[in-house]
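This is what each chain is made of:
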Amino acid sequence: GVVGLKLGDDPVADGVSCFIDAYQVVLRLANMATSIVAAEQFCAVQEDDNQIARCNAAAHGSFYNFVFFVGALAQTLSDCAGSVNAPATCIAAYAGFIGNLDV
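None of the values given here were measured: they were computed from a predicted structure. (Residues numbered from 1 in each chain as written. Predicted model: local features only at pLDDT ≥ 70, side-chain atom pairs only at ≥ 80, totals over all residues. Heavy atoms only, no water.)

Colleague: Got a sec to walk through the overall build of the protein chain? Specific residues and values, please.
Modeller: The helix and strand inventory of the protein chain stands at three helices and zero strands. Each helix (α) and strand (β) of the protein chain, taken in turn from the N terminus, gives the series α-α-α. Within the protein chain, counting contacts between residues at least 6 apart in sequence, those at least 24 apart form 59% of the total. (Helix = DSSP H or I, 4+ residues; strand = E, 2+ residues; numbered from the N terminus. Contact = heavy atoms within 4.5 Å.)

Encoded structure:
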């Protein structure tokens, strides 16, 4: 939600927060799809160190974007529910934690 406001205090702020969260989910999904395609292309041939490094970076990007997609989706489910969804908030926090460790 919006910083300083409790869920339900301001329906406009809650709607904006929900929209931003949903938009982040779409962007993370697009990033994840792009990185999966890149990994597929870069990992097709691994004959030298540069090609192996490129494949590793692309595979890492796929994992990174997947973790943050899960976190954004869980946060969206929590923020857009209209009431606190503790399991979704917990998953979002956990996915964010794992994603930040991965960086």
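So that's the structure; there's more coming.
Colleague: Go over helix α2 (residues 49-79), please, and point to the residues and values.
Modeller: With 31 residues, α2 should reach 45 Å at 1.5 Å per residue; the first-to-last C-alpha distance of 44 Å fits that figure. For α2, the N-terminal cap is Asp 48; the gap from its side-chain oxygen to the backbone nitrogen of Asn 50 is 3.2 Å. (Expected span 1.5 Å × (residues − 1). Polar contact = N/O pair within 3.5 Å; in protein donor to acceptor, adjacent residues only side chain to side chain.)

Colleague: Mind laying out the state of the cysteines, listing which residues take part and the relevant values?
Modeller: According to the stated counting rule, one finds one disulfide in the structure shown. Two residues share a disulfide in this structure: Cys 43 and Cys 55, whose sulfurs sit 1.9 Å from each other. The sign of the S-S torsion, about 100°, decides the handedness of the disulfide formed by Cys 43 and Cys 55: right-handed. Here the residue Cys 43 occupies a position in the loop between α1 (11-42) and α2, and Cys 55 occupies one in helix α2, the gap between them amounting to 12 residues. Note on Cys 55: relative accessible area 7%, which makes it buried. (Disulfide = S-S within 2.5 Å. Buried < 20%, exposed > 50% of the residue type's maximum accessible area, 1.4 Å probe, protein only.)

Colleague: So what's going on with the confidence of the model for the protein chain? Which residues, and what values?
Modeller: In this model, the protein chain carries a mean pLDDT of 80, and residues with pLDDT of at least 70 account for 81%. No element of the protein chain has a lower mean pLDDT than helix α3 (residues 86-102), which averages 75, and none a higher one than α2, which averages 87. Note that residues 1-5 has pLDDT below 50 and, in this model, six contacts with residues that lie over four places away or in other chains. (pLDDT = per-residue confidence, 0-100.)

Colleague: Quick rundown of the side chain of Ser 62? Include the residues and the values.
Modeller: Mapped onto the secondary structure, Ser 62 falls in helix α2. Judged by its relative accessible area of 12%, Ser 62 is buried. Of note is the side chain of Ser 62, whose polar atom sits 3.5 Å from the backbone nitrogen of Ile 36.

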